[in-house]
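Observations on chain architecture
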Amino acid sequence: MLLAIDVGNTNTVFALHDGRSTIAEWRCRTERQRTADEYFVWLSQLMENAGHKLEVGSVVISSVVPQVVLNLRILSDRYFNTRPKVVGKPEVKLGVPVRVDPTAQVGADRLVNTVGAYDRYGGNLIVVDFGTATTLDVVDHDGAYVGGVIAPGVNLSLKALHDAAAALPFIDVTRPERVVGTNTVACMQSGIFWGYIGLIEGLCARIREERGVPMKVIGTGGLSTLFAQATDVLQIIDSDLTIHGLVLIDALNKE
């Protein structure tokens, strides 16, 4: 049994994979102070409630929060008696090239998404991930990660509006009925929703123009389904892309 762990800036996802498919998935808030023992108590209760035995033979980790990795390593060593594979470490193979500036550091989640997307959809892709940051990553014809774009995430933008302007409330992300709002909340909803639609459409168009080849656009992340309802630019929504990439990386490094 494989335990794939995807640590984001806001949430951490634990997925249990039996070699054929993901059989269970749990999510918790990412906290830098959480200990290995706390992870195990939380995770073991959820696994037992779902009827799964605590028989984890392999652990693979993708993390954009370096401070969390140590306790996840301890969790793996102490409770599952296995050394975890941490994406981004030199000894962990990706199976795809990374062609960026020599000193550039690429987020582990972006590399994992590249691996998963290339396996499922081939090359010449734009992967749009709606997370704490909204990222657009370019996958070359041979599966190589060649760079991308980082923009503020949707919820981060909403929080910035609320924090910086005392008169503006904190709102939920939703598709407004009209572009032109007639009250403050409707105006904010329109600005965020249609603003991000414009952001994604515009950036994808510019990336395609710059690359000069047809490119398929893959959406992932919690809000991808919502935005896909209002634009044709997001051609495929793949909610478990990151976990799929982690499963592939684990299998490659076993070999």
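In what follows, the structure referred to is the one given above.
For the structure given in this document, a descriptive report is provided here. (Residues numbered from 1 in each chain as written. Predicted model: local features only at pLDDT ≥ 70, side-chain atom pairs only at ≥ 80, totals over all residues. Heavy atoms only, no water.)

**Re the overall build of the protein chain**
Regarding its fold elements, the protein chain presents seven helices and ten strands. Its C-alpha atoms give the protein chain a radius of gyration of 19 Å, within 12% of the compact-globule value 18 Å for 255 residues. Its C-alpha atoms give the protein chain principal-axis dimensions of about 60 × 45 × 35 Å. A burial count over the protein chain gives 46% of its 255 residues as buried. Pairs at least 24 residues apart make up 56% of the contacts formed inside the protein chain by residues separated by at least 6 positions. As presented, the protein chain carries roughly 12900 Å² of accessible surface, and 49% of it is formed by carbon and sulfur atoms. Taken together, the 23 basic and 28 acidic charged side chains of the protein chain have centroids lying 2 Å from each other. (Helix = DSSP H or I, 4+ residues; strand = E, 2+ residues; numbered from the N terminus. Rg over C-alpha atoms; globule rule 2.2 N^0.38 Å. Buried < 20%, exposed > 50% of the residue type's maximum accessible area, 1.4 Å probe, protein only. Contact = heavy atoms within 4.5 Å. Areas by Shrake-Rupley, 256 points an atom, 1.4 Å probe, with all protein chains shown as cover. Lys, Arg positive; Asp, Glu negative; His and termini not counted. Charge placed at Lys NZ, Arg CZ, Asp CG, Glu CD.)

**A short note on the layout of surface pockets**
Taken as a whole, the largest pocket encloses approximately 960 Å³ of empty space. Forming the walls of the largest pocket are 30 residues, and the residues nearest its centre are Gly8, Asp129, Phe130, Gly131 and Thr132. Elements with a minimum of two residues in the lining of the largest pocket: strand E2 (11-17), strand E3 (22-29), helix H3 (108-121), strand E6 (125-130), strand E7 (133-139), helix H4 (154-164) and helix H7 (241-254). By residue number, the principal contributor to the lining of the largest pocket is H4, which donates three residues. Among the residues making up the lining of the largest pocket, the classes are represented as eight nonpolar, 14 polar and eight charged. Space inside the second largest pocket adds up to approximately 460 Å³. Residue assignment for the lining of the second largest pocket shows that the elements contributing at least two residues are helix H2 (66-80) and H3. Broken down by element, the residue count for the lining of the second largest pocket peaks at three residues, all from H2. Considering only residue class, the lining of the second largest pocket consists of 13 nonpolar, four polar and two charged. (1 Å grid on protein atoms, 1.4 Å probe; cavity = no way out; pocket = protein on both sides within 12 Å on 5 of 7 lines; lining within 4 Å. Points joined across faces, edges and corners; volume = space filled by probe spheres on them. Nonpolar A, V, L, I, M, F, W, Y, C, P; charged D, E, K, R; others polar.)

**Details of the packing of helix H1 (residues 36-49) against H2**
The geometry of H1 relative to H2 is characterised by a closest axis approach of 8 Å and an angle of 60 degrees between their N-to-C directions. What the angle tells us is that H1 and H2 run oblique. Note that H1 runs across H2; the crossing there is right-handed. Contacts between H1 and H2 involve Ala36, Asp37, Tyr39, Phe40 and Leu43 from the former and Val68, Asn71, Leu72, Ile74, Leu75, Arg78, Tyr79 and Phe80 from the latter. (Axes fitted to C-alpha atoms, helices over the stretch in contact; angles between N-to-C directions. Parallel < 35°, antiparallel > 145°, perpendicular 65-115°, else oblique. Left-handed = near helix turned anticlockwise from the far one by under 90°.)

**Comments concerning the pairing of E2**
For E2, the tally of buried residues reaches six of seven residues, placing the bulk of the element in the interior. Note that strand E1 (residues 2-7) and E2 share six bridges and pair antiparallel. When the bridges of E2 are listed, Ala4 appears paired with Ala15. Where E1 folds back on E2, the antiparallel hairpin that results is connected by three residues. The pairing of E2 with E3 spans seven bridges and is antiparallel. Bridge pairing in E3 links Thr12 to Cys28. (Pairing = 2+ DSSP bridges.)

**Observations regarding the pattern of salt bridges**
Scanning the entire structure with this criterion turns up 13 salt bridges. Among the ionic pairs, Lys85 bridges to Asp250, the shortest N-O distance being 2.9 Å. Pair noted here: Lys85 is in strand E5 (residues 85-86) and Asp250 is in helix H7, with a separation of 165 residues, a long-range link. Like Asp250, Lys85 is buried. Arg110 is paired through a salt bridge with Asp137; the nearest N and O atoms lie 2.5 Å apart. One end of the pair, Arg110, is in helix H3; the other, Asp137, is in strand E7, and 27 residues separate them in sequence. Note on Arg110: relative accessible area 10%, which makes it buried. Residue class for Asp137 comes out buried when judged on its relative accessible area of 1%. (Salt bridge = Lys/Arg side-chain N within 4 Å of Asp/Glu carboxyl O.)

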